[in-house]
Structure formats: structure tokens, C-alpha cells
Amino acid sequence: MSKSHKSITKAVEDSRNDELEPKCLNGSQEAFAITNRGEVIPCCWLDTSVQKKEVDYGMLALASHIDDYDTIEEIFLQDEWVEFRNNLKQGKGFGICHLVCKKRDSPQHKRMTVLSNGKEKWTKET
């Protein structure tokens, strides 16, 4: 196991008990991503080798292949997705969810500022 893989694994494990503030539920980040394998996943942060080892993630990925459904909305109606969202609302998520979406006093991951005529129009932080 590489040094970076070990540090990511440790950070995920250390964050498991952190309080969640899911960005995919509060609108501060997109609510899904599509992998290059054709799977719809809750967000891009979940597409890691560390995350893929979790059984619940594997079950969600198996129920999320875009070739098996007519629409993405149909995927979101699958039991695995309903359970995932319900768990998030109760403060339970995948390990990486607790690392990336843990409750913080200030945003950490992304800041986007839109300028108009050289002046700040709005800023969104996640």
C-alpha cells in the first residue's frame, strides 16, 4: 500500500465519527457524479479505491449503472439510493462522506467567485 493510500485510509477512518453536513443534500455541491465506468455515484469524492472497498458502496454502485435505466431519476428511486439518502439525513454516510462533508466552521474544499465588469458578483464556498 502506498504512503498516500495509507494516509487517505487513515484520514477516512479518523473522520468516521465526525458530524456530517452533506453538501449533496444542502445544495452546496452537485448531488451526483458519473464515473468513467458508467456508474452514478453520490459525488466525485466517492470514486476512490479506498471507498470502493466498502460493501454498502459496492451495493450502491451495482444499482447505479446508467445502461440499466432510462433516466438518472430512476436510479435515485432504487432502494440503495433511498437508503443512502435516509442515512445521510440521520448523520450516517460512507467513510469519505465524513471526511469531505464533516461539519466545519468555514468551507474547505472549493471557492468559486463570479466577477462581472471586474467586480465580485457572488461567491459560493463548499
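None of the values given here were measured: they were computed from a predicted structure.

## Side note on the overall build of the protein chain
Counting secondary structure elements, the protein chain contains 6 helices and 4 strands. Its helices and strands in sequence order give the protein chain the pattern α-α-β-β-α-α-α-α-β-β, from N to C terminus. Contacts spanning at least 24 positions in sequence make up 54% of the contacts within the protein chain whose residues lie at least 6 apart. Put simply, the protein chain shows about 8,200 Å² of open surface, and 50% of that area lies on carbon and sulfur atoms.

## Observations regarding the layout of surface pockets
The rolling of a water-molecule-sized probe over the atoms marks out the regions of remaining empty space. Looking at the largest pocket, its volume works out to about 250 Å³. Secondary-structure elements contributing two or more residues to the lining of the largest pocket are helix 3 (55-62) and helix 5 (79-89). With 4 residues, the single largest contributor to the lining of the largest pocket is helix 5. For the lining of the largest pocket, a count of residues per class yields 4 nonpolar, 2 polar and 5 charged.

## A few points about helix 3
Of the positions making up helix 3, those classed as buried are Tyr57, Leu60 and Ala61. All buried residues of helix 3 project into a common sector of 100° when viewed along the axis, lining one side. Counted as exposed and oriented over 90 degrees from the buried face of helix 3: Val55, Asp56 and Leu62. For helix 3, the elements touching its buried residues are strand 2 (40-41) and helix 5.

## Side note on the side chain of histidine 98
As for its position among the elements, histidine 98 is in helix 6 (residues 95-100). Histidine 98 gets classed as buried once you look at its relative accessible area, which sits at 5%. Polar contacts involving the side chain of histidine 98 include one to the main-chain amide nitrogen of glycine 93, which spans 3.2 Å.

## As for the nonpolar core
A general trend in soluble globular proteins is that nonpolar side chains are found buried together. Core analysis: the biggest nonpolar cluster contains 21 residues, and Leu46, Tyr57, Trp81, Phe84, Phe94 and Cys97 have the highest contact counts within it. Mapped by element, the contributors of at least two residues to this core are strand 2, helix 3, helix 4 (72-76), helix 5 and helix 6. Every residue in contact with tyrosine 57, bar those within four places of it in the chain, is listed here: Arg37, Ile41, Leu46, Asp47, Gln51, Lys52 and Phe94.

## A word on the confidence of the model for the protein chain
The share of residues in the protein chain with pLDDT of 70 or more is 77%, and the mean pLDDT across the chain is 82. At the low end of the mean pLDDT range in the protein chain sits helix 1 (residues 3-15), at 62; at the high end sits helix 4, at 96.

## Things to note about empty space enclosed by the protein
All chains considered together, the criterion is met by 1 cavity of 30 Å³ or more. When its volume is computed, the largest cavity comes out at roughly 90 Å³. Take the lining of the largest cavity: its biggest share by element is 3 residues, from helix 6. In terms of residue class, the lining of the largest cavity is built from 11 nonpolar, 1 polar and no charged.

About the thresholds
Residues numbered from 1 in each chain as written. Predicted model: local features only at pLDDT ≥ 70, side-chain atom pairs only at ≥ 80, totals over all residues. Heavy atoms only, no water. Helix = DSSP H or I, 4+ residues; strand = E, 2+ residues; numbered from the N terminus. Contact = heavy atoms within 4.5 Å. Areas by Shrake-Rupley, 256 points an atom, 1.4 Å probe, with all protein chains shown as cover. 1 Å grid on protein atoms, 1.4 Å probe; cavity = no way out; pocket = protein on both sides within 12 Å on 5 of 7 lines; lining within 4 Å. Points joined across faces, edges and corners; volume = space filled by probe spheres on them. Nonpolar A, V, L, I, M, F, W, Y, C, P; charged D, E, K, R; others polar. Buried < 20%, exposed > 50% of the residue type's maximum accessible area, 1.4 Å probe, protein only. Arc of directions from axis to C-beta. Polar contact = N/O pair within 3.5 Å; in protein donor to acceptor, adjacent residues only side chain to side chain. Core = buried A, V, L, I, M, F, W, Y, C linked by side-chain atoms within 4.5 Å. pLDDT = per-residue confidence, 0-100.

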